[in-house]
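A structural walkthrough
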Amino acid sequence: NVSAAVRGALCRAIKEFPVTPVRFRPIDEAIVTAGGVSTKELDPKTLESRAVPGLYFAGEVIDADAYTGGFNLQIAFATGSAAGKAAGAALPTK
């Protein structure tokens, strides 16, 4: 029972919430992610599965090892963008 105006205001407040990093955490606290769908199983430009056409992967479900933080975030953003664009382009047009 939340109005569209209230939902819009809540979305804006969340999207515009300021977060200012204060300091870095020590490297010995870093976490390494590993495992997932092999990059050999994916089209490198679209992140589409070679085994299941129309299935796209992004982020940490892909076996692309990286330290947690900037590197894995960059992988998530870049693969998400590539997979999303490719999946959208693959949709049938009316």
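Up top is the structure.
The present account deals with the structure reproduced in this document.

1. A short note on the nonpolar core
The tendency in soluble globular proteins is for nonpolar side chains to be buried as a group. Counting residues in hydrophobic clusters, the biggest one holds five residues: Leu42, Leu47, Phe57, Ile62 and Ala83. When sequence neighbours within four positions are dropped, the list of residues in contact with Phe57 reads Val37, Leu42, Leu47, Ser49, Ile62, Thr79 and Ala83.

2. Structural notes on unusual backbone geometry
The phi torsion at Leu47 lies on the positive side, around 65°, for a residue other than glycine. Within the fold, Leu47 resides in the loop between strand 1 (32-33) and strand 2 (66-67).

3. Some details on the side chain of Thr79
Here Thr79 is to be found in helix 2 (residues 70-89). A distance of 2.6 Å separates a polar side-chain atom of Thr79 from the backbone oxygen of Ile75. One polar contact links the side chain of Thr79 to the main-chain carbonyl oxygen of Ala76, over a distance of 3.5 Å.

4. Observations concerning helix 2
End to end, helix 2 covers 28 Å across 20 residues, agreeing with the expected 28 Å (1.5 Å per residue, within 8%). Within the sequence span of helix 2, burial applies to Asn72, Thr79, Ala83 and Ala86. With its buried residues spanning 75° around the axis, helix 2 presents them on a single face. Residues of helix 2 that are exposed and angled more than 90 degrees away from the buried face: Gly70, Phe77, Lys85 and Ala89.

Cut-offs and rules
Residues numbered from 1 in each chain as written. Predicted model: local features only at pLDDT ≥ 70, side-chain atom pairs only at ≥ 80, totals over all residues. Heavy atoms only, no water. Core = buried A, V, L, I, M, F, W, Y, C linked by side-chain atoms within 4.5 Å. Buried < 20%, exposed > 50% of the residue type's maximum accessible area, 1.4 Å probe, protein only. Contact = heavy atoms within 4.5 Å. Helix = DSSP H or I, 4+ residues; strand = E, 2+ residues; numbered from the N terminus. Polar contact = N/O pair within 3.5 Å; in protein donor to acceptor, adjacent residues only side chain to side chain. Expected span 1.5 Å × (residues − 1). Arc of directions from axis to C-beta.

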